[in-house]
Amino acid sequence: MEAKKAIFLDKDGTIVRDIPYNVNPDLITLNEGVLDGLELLDSLGYCFIIISNQAGIARGYFEEQDLVGVERRIRQLLNQRGLVLSGFYYCPHSEDGIVPEYSIKCTCRKPGPQLILNAAQDHGIDLLQSWMIGDILDDVEAGKSAGCKSILINNGNEDQWQVNGNLNRIPNWISDDFWDAASFISNQHKTKGNGQRAFEYS
Ligand SMILES: [Mg+2]
Ligand SMILES: [Zn+2]
């Protein structure tokens, strides 16, 4: 059986309109181009897995249980086009939290690759064929550290641009929106095997 390939998705700001610490399902909306982009990627055989930092749990803004409704709402929104979410992985931790059990220095918070590695293990995913799409360089680093290629959607949420000599923080591509990110991945498939090399991966 062919190994699965995945698009790992940051949630807030990347697929969902960013409302800090929102867990009200009624306020969750997808960003423009997300459904079209996911449809394109679905047609290329990718599965979709959310990889999200949810420090609001450690900071006492909401509870882990509240993410059940968030995940359900996102699944509903994708289902409009028959798209399926294969997994929802999140880090509930924060070193500066107030809820003791979550206020630790963990290994799963992005930019660490642990959530992606866990997801790959659970779902039998070939990381070398997979991509991470996010809107800050911590997402990019998590993806590349896990062995994926990474795309940054430059929507203004990354405002530090700290690379610090870490090549994993340099995206394979920078897009204006989700549709462009999906199109870029699609174009990689088109140029493969016909002698063209549109892009040299670092
Ligand atoms: Mg984000
Ligand atoms: Zn964590």
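Reading guide: rules and limits
- Residues numbered from 1 in each chain as written.
- Chains lettered and ligands numbered in written order.
- Predicted model: local features only at pLDDT ≥ 70, side-chain atom pairs only at ≥ 80, totals over all residues.
- Heavy atoms only, no water.
- Donors = N, O, S within 2.8 Å, 3.2 Å for Na, K, Ca; no water.
- Buried < 20%, exposed > 50% of the residue type's maximum accessible area, 1.4 Å probe, protein only.
- 1 Å grid on protein atoms, 1.4 Å probe; cavity = no way out; pocket = protein on both sides within 12 Å on 5 of 7 lines; lining within 4 Å.
- Points joined across faces, edges and corners; volume = space filled by probe spheres on them.
- Helix = DSSP H or I, 4+ residues; strand = E, 2+ residues; numbered from the N terminus.
- Nonpolar A, V, L, I, M, F, W, Y, C, P; charged D, E, K, R; others polar.
- UniProt positions renumbered as here; feature names shortened; annotations may be inferred.
- Contact = heavy atoms within 4.5 Å.
- Polar contact = N/O pair within 3.5 Å; in protein donor to acceptor, adjacent residues only side chain to side chain.
- Tetrahedral: all angles 85-135°; square planar, octahedral: opposite > 155°, others 65-115°.
- Salt bridge = Lys/Arg side-chain N within 4 Å of Asp/Glu carboxyl O.
- Phe/Tyr/Trp six-rings, centres within 6.5 Å; stacked < 30°, edge-to-face > 60°.
- Lys NZ or Arg CZ within 6 Å of the ring centre and 35° of its normal.

Some words on the coordination of the magnesium ion (ligand 1)
(1) Moving on: Bound to the magnesium ion (ligand 1) on the protein side are Asp 10 (OD), Asp 12 (O) and Asp 135 (OD), at distances that span 2.2 to 2.3 Å.
(2) Moving on: Mapped onto the polypeptide sequence, the residues donating to the magnesium ion (ligand 1) form the spacing pattern D-x1-D-x122-D.
(3) Moving on: Exposure remark for Asp 12: the relative accessible area of 23% places this residue in the partly exposed category.

Description of the layout of surface pockets
(1) Moving on: Of the voids in this model, the largest pocket is the one considered here, and its volume is about 600 Å³.
(2) Moving on: Of all elements in the fold, only β2 (46-53) and α4 (137-146) reach the threshold of two or more residues within the lining of the largest pocket.
(3) Moving on: Residue composition of the lining of the largest pocket, by class: six nonpolar, six polar and ten charged.

Concerning the UniProt feature "site: Contributes to substrate recognition" (unreviewed entry) in the protein
(1) Moving on: Taking the numbering used here, the UniProt-annotated feature "site: Contributes to substrate recognition" (unreviewed entry) corresponds to Arg 109 and Lys 110. For the largest pocket, the lining residues drawn from the annotated set are Arg 109 and Lys 110.
(2) Moving on: With sequence-adjacent residues up to four places away left out, Arg 109 is seen in contact with Asn 53, Ala 55, Cys 91 and His 93.
(3) Moving on: Here Lys 110 shows up in the loop between β3 (85-91) and α3 (114-123).
(4) Moving on: For Lys 110, a relative accessible area of 4% puts it in the buried group.
(5) Moving on: Side-chain polar atoms of Lys 110 contact the backbone oxygen of Ile 51, separated by 2.7 Å.

Points about the coordination of the zinc ion (ligand 2)
(1) Moving on: Distances from the zinc ion (ligand 2) to its protein donors, Cys 91 (SG), His 93 (ND1), Cys 106 (SG) and Cys 108 (SG), fall at 2.1 to 2.3 Å.
(2) Moving on: Note that the zinc ion (ligand 2) binds four donor atoms; their angles at the metal cover 102 to 119°, and the shape is tetrahedral.
(3) Moving on: According to the relative accessible area criterion, Cys 91 is buried, its value standing at 0%.

Quick look at the pattern of salt bridges
(1) Moving on: A full pass over the atoms with the stated rule returns nine salt bridges.
(2) Moving on: The partner of Asp 12 in a salt bridge is Lys 11, and the shortest N-O contact between them spans 2.7 Å.
(3) Moving on: According to the relative accessible area criterion, Lys 11 is buried, its value standing at 3%.
(4) Moving on: A salt bridge links Glu 71 to Arg 75; the nearest nitrogen and oxygen atoms lie 2.9 Å apart. Placement of the pair is Glu 71 and Arg 75 together in helix α2 (residues 66-79), with a separation of four residues, close to one helical turn.
(5) Moving on: Each member of the salt-bridge network shares a partner with another, and the members are Asp 10, Lys 110 and Asp 139.

Re the packing of aromatic side chains
(1) Moving on: Evaluated as defined, the whole model comprises four aromatic pairs.
(2) Moving on: Between Trp 131 and Phe 184 the ring centres are 6.0 Å apart and the planes differ by 85°, which places this aromatic pair in the edge-to-face class. Here the residue Trp 131 occupies a position in strand β4 (residues 131-134), and Phe 184 occupies one in helix α5 (residues 178-191), the gap between them amounting to 53 residues. You'll find Trp 131 and Phe 184 in the same group, each marked buried.
(3) Moving on: Among the aromatic residues, those joined into a ring-pair cluster are Trp 131, Trp 173 and Phe 184.
(4) Moving on: Sitting above the plane of the Tyr 46 ring, Lys 5 keeps its charged end 5.0 Å from the centroid.
(5) Moving on: One residue, Lys 149, lies across the ring of Trp 131, its end atom 5.2 Å from the ring centre.

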